[in-house]
Protein chains: 4
Amino acid sequence: MLIPPRGIGGAELVGYANDKQDLLKRLRRAEGQVRGIHRMVEEDTYCIDVLTQVSAATKALETVAIALLTDHLAHCVAEAAREGGDVADAKIKEASDAIARLVRS
Amino acid sequence: MLIPPRGIGGAELVGYANDKQDLLKRLRRAEGQVRGIHRMVEEDTYCIDVLTQVSAATKALETVAIALLTDHLAHCVAEAAREGGDVADAKIKEASDAIARLVRS
Amino acid sequence: MLIPPRGIGGAELVGYANDKQDLLKRLRRAEGQVRGIHRMVEEDTYCIDVLTQVSAATKALETVAIALLTDHLAHCVAEAAREGGDVADAKIKEASDAIARLVRS
Amino acid sequence: MLIPPRGIGGAELVGYANDKQDLLKRLRRAEGQVRGIHRMVEEDTYCIDVLTQVSAATKALETVAIALLTDHLAHCVAEAAREGGDVADAKIKEASDAIARLVRS
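Conventions we followed
- Residues numbered from 1 in each chain as written.
- Chains lettered and ligands numbered in written order.
- Predicted model: local features only at pLDDT ≥ 70, side-chain atom pairs only at ≥ 80, totals over all residues.
- Heavy atoms only, no water.
- Helix = DSSP H or I, 4+ residues; strand = E, 2+ residues; numbered from the N terminus.
- Buried < 20%, exposed > 50% of the residue type's maximum accessible area, 1.4 Å probe, protein only.
- Contact = heavy atoms within 4.5 Å.
- Least-squares fit on C-alpha atoms with pLDDT ≥ 70 in both.
- Buried area = accessible area lost by both parts, 1.4 Å probe.
- Salt bridge = Lys/Arg side-chain N within 4 Å of Asp/Glu carboxyl O.
- Polar contact = N/O pair within 3.5 Å; in protein donor to acceptor, adjacent residues only side chain to side chain.
- Nonpolar A, V, L, I, M, F, W, Y, C, P; charged D, E, K, R; others polar.
- Expected span 1.5 Å × (residues − 1).
- Axes fitted to C-alpha atoms, helices over the stretch in contact; angles between N-to-C directions.
- Parallel < 35°, antiparallel > 145°, perpendicular 65-115°, else oblique.
- Left-handed = near helix turned anticlockwise from the far one by under 90°.
- Bend = angle between axes of the 7 residues up to and from the residue.

Draft legend 1. Focus on the overall build of chain A. Secondary structure assignment for chain A yields 3 helices and 0 strands. What you see in chain A, going N to C, is helices and strands ordered as α-α-α. Burial status across chain A gives 50% buried among its 105 residues. The long-range fraction of contacts in chain A, counting pairs at least 24 apart against all pairs at least 6 apart in sequence, stands at 51%.

Written as C-alpha coordinates, this is what we have:
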(Lines give C-alpha, C1' and ligand atoms only; values in the text may rest on other atoms or scores of the structure.)
Protein backbone atom coordinates (compact mmCIF):
# COMPACT_ATOMS: atom_id res chain seq x y z
CA MET A 1 0.00 0.00 0.00
CA LEU A 2 1.20 3.49 -0.83
CA ILE A 3 1.59 5.51 2.33
CA PRO A 4 1.13 9.18 1.47
CA PRO A 5 4.05 11.47 2.44
CA ARG A 6 3.89 12.75 5.99
CA GLY A 7 5.10 16.19 6.98
CA ILE A 8 5.90 19.20 4.86
CA GLY A 9 9.23 20.57 3.69
CA GLY A 10 11.25 17.53 4.68
CA ALA A 11 10.14 17.52 8.31
CA GLU A 12 8.83 14.07 9.17
CA LEU A 13 5.77 14.13 11.40
CA VAL A 14 4.85 10.86 13.03
CA GLY A 15 1.82 10.20 15.19
CA TYR A 16 3.99 9.70 18.27
CA ALA A 17 5.97 12.94 17.86
CA ASN A 18 4.78 14.35 21.20
CA ASP A 19 5.45 11.10 23.08
CA LYS A 20 8.77 10.33 21.43
CA GLN A 21 10.96 10.92 24.48
CA ASP A 22 8.68 8.86 26.68
CA LEU A 23 8.63 6.00 24.15
CA LEU A 24 12.43 6.06 23.82
CA LYS A 25 12.77 5.87 27.59
CA ARG A 26 10.38 2.92 27.79
CA LEU A 27 12.19 1.11 24.97
CA ARG A 28 15.58 1.68 26.57
CA ARG A 29 14.19 0.18 29.77
CA ALA A 30 12.65 -2.79 27.90
CA GLU A 31 16.00 -3.42 26.21
CA GLY A 32 17.62 -3.45 29.65
CA GLN A 33 14.99 -5.92 30.86
CA VAL A 34 15.74 -8.32 28.01
CA ARG A 35 19.50 -7.97 28.62
CA GLY A 36 18.80 -8.71 32.29
CA ILE A 37 16.94 -11.91 31.32
CA HIS A 38 19.91 -12.94 29.17
CA ARG A 39 22.19 -12.49 32.19
CA MET A 40 19.77 -14.46 34.42
CA VAL A 41 19.91 -17.40 32.02
CA GLU A 42 23.70 -17.16 31.78
CA GLU A 43 23.87 -17.32 35.57
CA ASP A 44 21.48 -20.31 35.74
CA THR A 45 18.76 -18.40 37.57
CA TYR A 46 15.77 -20.47 38.65
CA CYS A 47 13.29 -20.95 35.73
CA ILE A 48 10.32 -19.31 37.44
CA ASP A 49 12.29 -16.19 38.31
CA VAL A 50 13.39 -15.90 34.68
CA LEU A 51 9.77 -16.37 33.57
CA THR A 52 8.58 -13.58 35.86
CA GLN A 53 11.00 -11.21 34.15
CA VAL A 54 9.94 -12.40 30.68
CA SER A 55 6.29 -11.61 31.58
CA ALA A 56 7.35 -8.16 32.80
CA ALA A 57 9.28 -7.42 29.59
CA THR A 58 6.33 -8.61 27.47
CA LYS A 59 4.01 -6.31 29.42
CA ALA A 60 6.42 -3.39 28.94
CA LEU A 61 6.40 -3.94 25.16
CA GLU A 62 2.60 -4.13 25.15
CA THR A 63 2.45 -0.78 26.93
CA VAL A 64 4.69 0.68 24.22
CA ALA A 65 2.43 -0.83 21.54
CA ILE A 66 -0.71 0.63 23.06
CA ALA A 67 0.89 4.08 23.36
CA LEU A 68 1.97 3.91 19.69
CA LEU A 69 -1.50 2.83 18.60
CA THR A 70 -3.23 5.57 20.56
CA ASP A 71 -1.00 8.22 19.01
CA HIS A 72 -1.50 6.67 15.60
CA LEU A 73 -5.30 6.80 15.96
CA ALA A 74 -5.23 10.33 17.35
CA HIS A 75 -3.06 11.71 14.56
CA CYS A 76 -2.55 9.62 11.39
CA VAL A 77 -5.96 7.89 11.37
CA ALA A 78 -7.89 10.97 12.51
CA GLU A 79 -6.23 13.07 9.82
CA ALA A 80 -6.95 10.47 7.14
CA ALA A 81 -10.58 10.32 8.32
CA ARG A 82 -10.87 14.06 7.86
CA GLU A 83 -9.50 13.74 4.30
CA GLY A 84 -11.83 10.81 3.65
CA GLY A 85 -11.87 8.62 0.56
CA ASP A 86 -9.59 5.69 -0.19
CA VAL A 87 -6.74 6.94 1.97
CA ALA A 88 -9.04 6.95 5.01
CA ASP A 89 -10.23 3.41 4.27
CA ALA A 90 -6.67 2.17 3.79
CA LYS A 91 -5.53 3.75 7.08
CA ILE A 92 -8.40 2.18 9.03
CA LYS A 93 -7.69 -1.21 7.49
CA GLU A 94 -3.98 -0.86 8.28
CA ALA A 95 -4.64 0.13 11.91
CA SER A 96 -7.11 -2.71 12.34
CA ASP A 97 -4.57 -5.24 11.01
CA ALA A 98 -1.98 -3.91 13.45
CA ILE A 99 -4.45 -4.30 16.33
CA ALA A 100 -5.19 -7.88 15.23
CA ARG A 101 -1.46 -8.72 15.20
CA LEU A 102 -1.13 -7.24 18.67
CA VAL A 103 -4.12 -9.04 20.16
CA ARG A 104 -2.88 -12.34 18.76
CA SER A 105 0.77 -11.87 19.74
CA MET B 1 -18.54 10.17 29.34
CA LEU B 2 -21.43 11.55 27.35
CA ILE B 3 -21.81 9.61 24.13
CA PRO B 4 -23.45 11.87 21.55
CA PRO B 5 -26.67 10.50 20.01
CA ARG B 6 -26.15 8.22 17.05
CA GLY B 7 -28.57 8.06 14.16
CA ILE B 8 -31.34 10.40 13.12
CA GLY B 9 -35.07 10.17 13.65
CA GLY B 10 -34.89 7.41 16.19
CA ALA B 11 -32.96 4.99 14.01
CA GLU B 12 -29.95 3.73 15.94
CA LEU B 13 -26.84 3.50 13.81
CA VAL B 14 -23.97 1.53 15.26
CA GLY B 15 -20.53 1.10 13.74
CA TYR B 16 -21.18 -2.57 13.06
CA ALA B 17 -24.53 -2.07 11.33
CA ASN B 18 -23.32 -3.58 8.05
CA ASP B 19 -21.68 -6.58 9.77
CA LYS B 20 -24.47 -7.21 12.24
CA GLN B 21 -25.68 -10.50 10.74
CA ASP B 22 -22.13 -11.82 10.49
CA LEU B 23 -21.42 -10.84 14.11
CA LEU B 24 -24.63 -12.46 15.34
CA LYS B 25 -23.74 -15.67 13.54
CA ARG B 26 -20.24 -15.71 15.05
CA LEU B 27 -21.62 -15.04 18.53
CA ARG B 28 -24.21 -17.80 18.21
CA ARG B 29 -21.39 -20.16 17.23
CA ALA B 30 -19.18 -19.00 20.13
CA GLU B 31 -22.09 -19.59 22.52
CA GLY B 32 -22.40 -23.10 21.12
CA GLN B 33 -18.67 -23.63 21.64
CA VAL B 34 -18.90 -22.63 25.30
CA ARG B 35 -21.95 -24.87 25.78
CA GLY B 36 -19.95 -27.68 24.15
CA ILE B 37 -17.11 -27.14 26.64
CA HIS B 38 -19.64 -27.33 29.49
CA ARG B 39 -20.84 -30.67 28.15
CA MET B 40 -17.25 -31.93 27.77
CA VAL B 41 -16.57 -31.17 31.44
CA GLU B 42 -19.85 -32.79 32.47
CA GLU B 43 -18.81 -35.92 30.57
CA ASP B 44 -15.31 -35.94 32.13
CA THR B 45 -13.53 -35.32 28.84
CA TYR B 46 -9.75 -35.42 28.99
CA CYS B 47 -8.34 -32.07 30.25
CA ILE B 48 -6.23 -31.33 27.17
CA ASP B 49 -9.17 -31.86 24.81
CA VAL B 50 -11.24 -29.45 26.90
CA LEU B 51 -8.38 -26.93 26.83
CA THR B 52 -8.15 -27.12 23.05
CA GLN B 53 -11.80 -26.12 22.83
CA VAL B 54 -11.34 -23.31 25.35
CA SER B 55 -8.50 -21.90 23.19
CA ALA B 56 -10.75 -22.14 20.11
CA ALA B 57 -13.62 -20.31 21.86
CA THR B 58 -11.23 -17.60 23.10
CA LYS B 59 -9.93 -17.13 19.55
CA ALA B 60 -13.50 -16.91 18.22
CA LEU B 61 -14.30 -14.14 20.72
CA GLU B 62 -11.11 -12.29 19.77
CA THR B 63 -12.15 -12.40 16.13
CA VAL B 64 -15.50 -10.86 17.11
CA ALA B 65 -13.67 -8.18 19.11
CA ILE B 66 -11.39 -7.26 16.21
CA ALA B 67 -14.35 -7.05 13.81
CA LEU B 68 -16.20 -4.79 16.26
CA LEU B 69 -13.15 -2.57 16.70
CA THR B 70 -12.54 -2.26 12.97
CA ASP B 71 -16.14 -1.20 12.39
CA HIS B 72 -15.94 1.18 15.32
CA LEU B 73 -12.81 2.86 13.92
CA ALA B 74 -14.24 2.98 10.40
CA HIS B 75 -17.50 4.60 11.48
CA CYS B 76 -17.79 6.08 14.97
CA VAL B 77 -14.15 7.17 15.37
CA ALA B 78 -13.78 8.36 11.76
CA GLU B 79 -16.98 10.40 12.06
CA ALA B 80 -15.86 11.93 15.36
CA ALA B 81 -12.48 12.76 13.78
CA ARG B 82 -14.26 14.64 11.01
CA GLU B 83 -16.24 16.62 13.59
CA GLY B 84 -13.06 17.24 15.57
CA GLY B 85 -12.81 18.91 18.97
CA ASP B 86 -13.42 17.30 22.34
CA VAL B 87 -15.74 14.62 21.00
CA ALA B 88 -13.00 13.37 18.68
CA ASP B 89 -10.46 13.27 21.51
CA ALA B 90 -12.89 11.43 23.77
CA LYS B 91 -13.67 8.84 21.08
CA ILE B 92 -9.97 8.18 20.40
CA LYS B 93 -9.29 7.80 24.12
CA GLU B 94 -12.26 5.46 24.51
CA ALA B 95 -11.17 3.28 21.55
CA SER B 96 -7.61 3.16 22.82
CA ASP B 97 -8.78 2.03 26.28
CA ALA B 98 -10.87 -0.71 24.65
CA ILE B 99 -7.82 -1.88 22.67
CA ALA B 100 -5.73 -1.95 25.86
CA ARG B 101 -8.36 -4.08 27.63
CA LEU B 102 -8.38 -6.44 24.67
CA VAL B 103 -4.59 -6.77 24.39
CA ARG B 104 -4.36 -7.49 28.11
CA SER B 105 -7.28 -9.92 28.25
CA MET C 1 -0.72 -39.80 20.44
CA LEU C 2 -2.10 -42.69 22.46
CA ILE C 3 -3.46 -41.42 25.74
CA PRO C 4 -3.30 -44.26 28.29
CA PRO C 5 -6.61 -45.21 29.91
CA ARG C 6 -7.49 -43.16 32.95
CA GLY C 7 -9.44 -44.49 35.91
CA ILE C 8 -10.08 -48.02 37.04
CA GLY C 9 -13.08 -50.24 36.57
CA GLY C 10 -14.80 -47.93 34.16
CA ALA C 11 -14.73 -44.90 36.42
CA GLU C 12 -13.23 -42.00 34.50
CA LEU C 13 -10.89 -39.89 36.57
CA VAL C 14 -9.98 -36.54 35.13
CA GLY C 15 -7.51 -34.02 36.54
CA TYR C 16 -10.31 -31.57 37.31
CA ALA C 17 -12.53 -34.06 39.17
CA ASN C 18 -12.39 -32.06 42.41
CA ASP C 19 -13.09 -28.73 40.69
CA LYS C 20 -15.75 -30.02 38.34
CA GLN C 21 -18.71 -28.22 39.94
CA ASP C 22 -16.78 -24.95 40.07
CA LEU C 23 -15.75 -25.32 36.40
CA LEU C 24 -19.32 -26.10 35.33
CA LYS C 25 -20.57 -23.01 37.16
CA ARG C 26 -17.94 -20.82 35.49
CA LEU C 27 -18.74 -22.24 32.07
CA ARG C 28 -22.48 -21.73 32.54
CA ARG C 29 -21.74 -18.12 33.43
CA ALA C 30 -19.43 -17.67 30.41
CA GLU C 31 -22.13 -19.08 28.16
CA GLY C 32 -24.55 -16.52 29.62
CA GLN C 33 -22.01 -13.77 28.97
CA VAL C 34 -21.71 -14.74 25.29
CA ARG C 35 -25.51 -14.92 24.98
CA GLY C 36 -25.65 -11.47 26.57
CA ILE C 37 -23.21 -10.14 23.95
CA HIS C 38 -25.41 -11.62 21.21
CA ARG C 39 -28.39 -9.76 22.66
CA MET C 40 -26.38 -6.53 22.89
CA VAL C 41 -25.53 -6.74 19.18
CA GLU C 42 -29.14 -7.56 18.32
CA GLU C 43 -30.23 -4.44 20.21
CA ASP C 44 -27.58 -2.24 18.51
CA THR C 45 -25.69 -1.55 21.71
CA TYR C 46 -22.82 0.91 21.40
CA CYS C 47 -19.66 -0.84 20.03
CA ILE C 48 -17.44 -0.04 23.02
CA ASP C 49 -19.95 -1.42 25.50
CA VAL C 50 -20.13 -4.65 23.47
CA LEU C 51 -16.31 -4.79 23.39
CA THR C 52 -16.11 -4.45 27.17
CA GLN C 53 -18.30 -7.53 27.52
CA VAL C 54 -16.27 -9.46 24.94
CA SER C 55 -13.10 -8.73 26.96
CA ALA C 56 -14.87 -9.91 30.13
CA ALA C 57 -16.00 -13.17 28.48
CA THR C 58 -12.49 -13.78 27.11
CA LYS C 59 -11.05 -13.27 30.59
CA ALA C 60 -13.61 -15.68 32.06
CA LEU C 61 -12.58 -18.37 29.56
CA GLU C 62 -8.90 -17.79 30.35
CA THR C 63 -9.64 -18.30 34.03
CA VAL C 64 -11.30 -21.62 33.16
CA ALA C 65 -8.27 -22.59 31.04
CA ILE C 66 -5.81 -21.81 33.84
CA ALA C 67 -7.87 -23.81 36.34
CA LEU C 68 -7.98 -26.77 33.94
CA LEU C 69 -4.23 -26.58 33.33
CA THR C 70 -3.42 -26.38 37.03
CA ASP C 71 -5.52 -29.46 37.75
CA HIS C 72 -3.98 -31.22 34.77
CA LEU C 73 -0.44 -30.53 36.00
CA ALA C 74 -1.32 -31.49 39.58
CA HIS C 75 -2.87 -34.81 38.61
CA CYS C 76 -2.30 -36.17 35.10
CA VAL C 77 1.19 -34.74 34.54
CA ALA C 78 2.37 -35.38 38.10
CA GLU C 79 1.17 -38.98 37.90
CA ALA C 80 2.87 -39.50 34.53
CA ALA C 81 6.08 -38.00 35.96
CA ARG C 82 5.98 -40.54 38.77
CA GLU C 83 5.61 -43.36 36.23
CA GLY C 84 8.38 -41.86 34.12
CA GLY C 85 9.50 -43.03 30.69
CA ASP C 86 7.86 -42.20 27.38
CA VAL C 87 4.41 -41.59 28.85
CA ALA C 88 5.85 -38.87 31.08
CA ASP C 89 7.64 -37.23 28.15
CA ALA C 90 4.49 -37.36 26.02
CA LYS C 91 2.38 -35.79 28.78
CA ILE C 92 4.85 -32.95 29.33
CA LYS C 93 4.99 -32.28 25.58
CA GLU C 94 1.20 -32.33 25.38
CA ALA C 95 0.78 -29.92 28.31
CA SER C 96 3.42 -27.61 26.90
CA ASP C 97 1.64 -27.50 23.52
CA ALA C 98 -1.63 -26.67 25.27
CA ILE C 99 0.08 -23.82 27.14
CA ALA C 100 1.52 -22.48 23.88
CA ARG C 101 -1.95 -22.51 22.27
CA LEU C 102 -3.30 -20.66 25.26
CA VAL C 103 -0.58 -18.02 25.40
CA ARG C 104 -0.99 -17.35 21.67
CA SER C 105 -4.79 -17.30 21.67
CA MET D 1 8.36 -20.19 49.48
CA LEU D 2 11.51 -22.13 50.18
CA ILE D 3 12.93 -23.46 46.94
CA PRO D 4 14.93 -26.61 47.71
CA PRO D 5 18.58 -26.59 46.60
CA ARG D 6 19.12 -27.71 43.04
CA GLY D 7 22.16 -29.59 41.89
CA ILE D 8 24.82 -31.40 43.84
CA GLY D 9 28.23 -30.28 44.99
CA GLY D 10 27.69 -26.65 44.15
CA ALA D 11 26.80 -27.25 40.53
CA GLU D 12 23.53 -25.45 39.76
CA LEU D 13 21.18 -27.48 37.61
CA VAL D 14 18.32 -25.58 36.08
CA GLY D 15 15.47 -27.01 34.06
CA TYR D 16 16.72 -25.29 30.91
CA ALA D 17 20.31 -26.55 31.20
CA ASN D 18 20.14 -28.44 27.90
CA ASP D 19 18.53 -25.53 26.02
CA LYS D 20 20.68 -22.81 27.56
CA GLN D 21 22.64 -21.93 24.42
CA ASP D 22 19.47 -21.80 22.35
CA LEU D 23 17.74 -19.59 24.93
CA LEU D 24 20.73 -17.24 25.10
CA LYS D 25 20.75 -16.92 21.32
CA ARG D 26 17.01 -16.13 21.27
CA LEU D 27 17.37 -13.57 24.05
CA ARG D 28 20.31 -11.88 22.30
CA ARG D 29 18.15 -11.63 19.19
CA ALA D 30 15.16 -10.27 21.15
CA GLU D 31 17.43 -7.64 22.71
CA GLY D 32 18.54 -6.66 19.21
CA GLN D 33 14.89 -6.42 18.14
CA VAL D 34 14.07 -4.04 21.00
CA ARG D 35 17.18 -1.96 20.24
CA GLY D 36 16.02 -1.87 16.60
CA ILE D 37 12.61 -0.56 17.69
CA HIS D 38 14.34 2.15 19.72
CA ARG D 39 16.28 3.20 16.61
CA MET D 40 13.09 3.18 14.51
CA VAL D 41 11.41 5.58 16.95
CA GLU D 42 14.51 7.78 17.03
CA GLU D 43 14.39 7.97 13.23
CA ASP D 44 10.64 8.78 13.19
CA THR D 45 9.67 5.56 11.44
CA TYR D 46 6.01 5.25 10.50
CA CYS D 47 3.91 4.11 13.54
CA ILE D 48 2.56 0.94 11.92
CA ASP D 49 6.03 -0.26 10.93
CA VAL D 50 7.19 0.26 14.51
CA LEU D 51 4.14 -1.63 15.78
CA THR D 52 4.89 -4.59 13.50
CA GLN D 53 8.33 -4.88 15.09
CA VAL D 54 6.89 -4.58 18.60
CA SER D 55 4.52 -7.49 17.84
CA ALA D 56 7.47 -9.52 16.52
CA ALA D 57 9.56 -8.83 19.66
CA THR D 58 6.61 -9.74 21.90
CA LYS D 59 6.18 -13.02 20.02
CA ALA D 60 9.90 -13.76 20.36
CA LEU D 61 9.69 -13.28 24.14
CA GLU D 62 6.62 -15.54 24.31
CA THR D 63 8.55 -18.25 22.48
CA VAL D 64 11.32 -17.94 25.08
CA ALA D 65 8.73 -18.16 27.87
CA ILE D 66 7.14 -21.30 26.44
CA ALA D 67 10.55 -22.96 26.03
CA LEU D 68 11.43 -22.09 29.65
CA LEU D 69 8.10 -23.43 30.91
CA THR D 70 8.41 -26.67 28.95
CA ASP D 71 11.89 -27.30 30.37
CA HIS D 72 10.64 -26.38 33.83
CA LEU D 73 7.78 -28.87 33.63
CA ALA D 74 10.00 -31.59 32.16
CA HIS D 75 12.65 -31.25 34.85
CA CYS D 76 11.87 -29.28 38.02
CA VAL D 77 8.14 -30.08 38.20
CA ALA D 78 8.53 -33.70 37.08
CA GLU D 79 11.27 -34.24 39.68
CA ALA D 80 9.16 -32.66 42.42
CA ALA D 81 6.20 -34.84 41.38
CA ARG D 82 8.37 -37.93 41.81
CA GLU D 83 9.37 -36.77 45.29
CA GLY D 84 5.73 -35.96 46.08
CA GLY D 85 4.41 -34.26 49.20
CA ASP D 86 4.38 -30.55 49.92
CA VAL D 87 7.30 -29.76 47.62
CA ALA D 88 5.42 -31.22 44.67
CA ASP D 89 2.28 -29.22 45.52
CA ALA D 90 4.28 -26.02 45.89
CA LYS D 91 6.02 -26.55 42.53
CA ILE D 92 2.74 -27.17 40.72
CA LYS D 93 1.22 -24.06 42.29
CA GLU D 94 4.27 -22.01 41.36
CA ALA D 95 4.24 -23.22 37.73
CA SER D 96 0.52 -22.60 37.45
CA ASP D 97 0.95 -19.02 38.71
CA ALA D 98 3.69 -18.44 36.15
CA ILE D 99 1.41 -19.74 33.39
CA ALA D 100 -1.38 -17.41 34.55
CA ARG D 101 0.99 -14.42 34.48
CA LEU D 102 2.04 -15.40 30.96
CA VAL D 103 -1.48 -15.91 29.62
CA ARG D 104 -2.55 -12.55 31.01
CA SER D 105 0.53 -10.61 29.88
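Draft legend 2. Layout of the relation of the copies chain B and chain A. The operation relating chain B to chain A is a screw motion whose rotation component is 180 degrees, with 0.0 Å of axial translation and a residual RMSD of 0.0 Å. Read as a symmetry element, the transformation amounts to a two-fold axis. By residue overlap, the copies meet face to face through one surface: 100% of the interface positions of chain B are interface positions in chain A.

Draft legend 3. Seen up close, the interface of chain B and chain A. At the junction of the two partners, chain B supplies 17 residues and chain A supplies 17 residues. Contact between chain B and chain A buries roughly 1700 Å² in total, counting both sides, with carbon and sulfur atoms accounting for 75%. Here chain B is connected to chain A by 0 salt bridges. Across the chain B-chain A interface, the total number found is 6 residue pairs in polar contact (both at pLDDT 80 or more). The dominant element in the side of chain B that touches chain A, judged by the number of residues it contributes, is helix H2 (residues 47-83) of chain B, at 10 residues. The residue inventory of the side of chain B that touches chain A, partitioned by class, reads 11 nonpolar, 3 polar and 3 charged.

Draft legend 4. Here's a closer look at the relation of the copies chain A and chain D. Mapping chain A onto chain D is achieved by rotating through 180 degrees and translating by 0.0 Å along the same axis, at an RMSD of 0.0 Å. Interface overlap between copies: 100% of the residues of chain A at the interface are likewise at the interface in chain D, consistent with a symmetric, same-surface contact.

Draft legend 5. Focus on helix H1 (residues 20-42) of chain A. If you check H1 of chain A, its first and last C-alpha atoms are 33 Å apart, about what 23 residues at 1.5 Å a residue would give, namely 33 Å. Looking only at H1 of chain A, the buried set comprises Lys20, Leu23, Leu24, Leu27, Ala30, Glu31, Val34, Gly36, Ile37, His38, Met40 and Val41 of chain A. In the core, the buried residues of H1 of chain A are packed alongside helix H2 (47-83) of chain A together with helix H1 (20-42) and helix H2 (47-83) of chain D. Of the residues one or two after H1 of chain A, Asp44 of chain A is the one with positive phi, at around 55 degrees.

Draft legend 6. Focus on the packing of helix H3 (residues 85-104) of chain C against H2 of chain D. At their nearest, the axes of H3 of chain C and H2 of chain D sit 10 Å apart, and the two run at 155 degrees to each other. Classified by the angle between their axes, H3 of chain C and H2 of chain D sit roughly antiparallel to one another. In terms of crossing hand, the pair formed by H3 of chain C and H2 of chain D is right-handed. Residues Ile92, Ser96, Ile99, Ala100, Val103 and Arg104 of chain C of H3 of chain C lie in contact with H2 of chain D, whose contacting residues are Glu62, Thr63, Ile66, Leu69, Thr70, Leu73 and Ala74 of chain D. Its residues assigned to classes, the contact of H3 of chain C with H2 of chain D comprises 8 nonpolar, 3 polar and 2 charged.

Draft legend 7. Local environment of the environment of Lys59 of chain A. All names here are of chain A. Examined against the element boundaries, Lys59 turns out to sit in helix H2. Since its relative accessible area comes to 40%, Lys59 is described here as partly exposed. In this structure the C-alpha to C-alpha distance between Lys59 and Ala30, which are 29 residues apart in sequence, comes to 9.5 Å.

Draft legend 8. Just H2 of chain A, in detail. Residue and element names in this part refer to chain A. Between its first and last C-alpha atoms H2 spans 52 Å; for 37 residues at 1.5 Å apiece the expected length is 54 Å, and the two agree. Considering bend angle alone, the principal kink of H2 is centred on Leu73 and spans about 40 degrees. At the C-terminal side of H2, Gly84 shows a positive phi close to 75 degrees.

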